[in-house]
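# Architecture at a glance
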Amino acid sequence: SLSDQFQTHMGRALPAAIALLPKLAEEYSRAYYHGVIFERKAKAHLHRNGPDDRAAAHEAFRDAMQQYEKAEALRPARNDEELKPRARDSGEHMLE
């Protein structure tokens, strides 16, 4: 997946992943997967452990949480168990 490349090729893989977001039909899915991308970016920074990576990870985790909060506000009125597979089915393949 593109997010698996964040540790070694973040400069190329991150913009490519973000560029896929507009292709998702629902605003909920776009916000949710934007959060997933930034969460994975944060984890890649923690794994790299360079001089600025901890600060970059903190910022990326903060951005991820903001997107998850946005997704939570946008989520369709269904039970949570229905949303999880639906969100995965609607966009996770795009990160691969």
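Higher on the page you've got the structure.
Residues numbered from 1 in each chain as written. Predicted model: local features only at pLDDT ≥ 70, side-chain atom pairs only at ≥ 80, totals over all residues. Heavy atoms only, no water.

### Some points on the overall build of the chain
Counting its secondary structure elements, the chain contains four helices and zero strands. Shown N-terminal to C-terminal, the secondary structure of the chain runs as helices and strands in the order α-α-α-α. By the burial criterion, 34% of the 96 residues in the chain qualify as buried. Considering only residue pairs separated by 6 or more positions, the chain has 63% of its internal contacts joining residues 24 or more positions apart. By element, 49% of the accessible surface of the chain is carried by carbon and sulfur atoms, the whole surface being about 6,000 Å². (Helix = DSSP H or I, 4+ residues; strand = E, 2+ residues; numbered from the N terminus. Buried < 20%, exposed > 50% of the residue type's maximum accessible area, 1.4 Å probe, protein only. Contact = heavy atoms within 4.5 Å. Areas by Shrake-Rupley, 256 points an atom, 1.4 Å probe, with all protein chains shown as cover.)

### Digging into the nonpolar core
By size, the foremost hydrophobic cluster in this structure holds 18 residues, and its most contacted members are Phe6 and Ile37. Those elements that place two or more of their residues in this core are α1 (6–20), α2 (27–48) and α3 (53–74). (Core = buried A, V, L, I, M, F, W, Y, C linked by side-chain atoms within 4.5 Å.)

### Quick look at α3
Relative to the 32 Å expected for 22 residues at 1.5 Å per residue, α3 spans 31 Å between its end C-alpha atoms, a close match to the ideal helical length. Here α3 has its buried residues at Asp53, Ala57, Ala60, Ala64, Gln67 and Ala71. Buried residues in α3, looked at end-on, bunch into an arc of 90 degrees, giving them a common side. Across α3 from its buried face, at more than 90 degrees, point the exposed residues Arg54, Ala55, His58, Glu69 and Ala73. Looking at the buried side of α3, the elements it contacts are α2. (Expected span 1.5 Å × (residues − 1). Arc of directions from axis to C-beta.)

### What to know about α2
Look at α2: 32 Å from first C-alpha to last across 22 residues, which is about the 32 Å you get at 1.5 Å a residue. Just downstream of α2, Asn49 is the residue with a positive phi angle, here 55 degrees.

### Focus: the pattern of salt bridges
Taken as a whole, this structure holds three salt bridges when the rule is applied. Residue Glu39 pairs with Lys43 through a salt bridge whose shortest N-O separation is 3.3 Å. Of this pair, Glu39 and Lys43 both sit in helix α2, four residues apart, roughly one helical turn. Classification of Glu39 as partly exposed rests on a relative accessible area of 24%. For Lys43, a relative accessible area of 47% corresponds to the partly exposed category. For Glu72, the salt bridge is made with Arg75, and the minimal N-O distance between the two is 3.5 Å. The class of Glu72 is partly exposed, set by a relative accessible area of 46%. (Salt bridge = Lys/Arg side-chain N within 4 Å of Asp/Glu carboxyl O.)

Everything listed here is a matter of geometry and, on its own, says nothing about what the molecule does.
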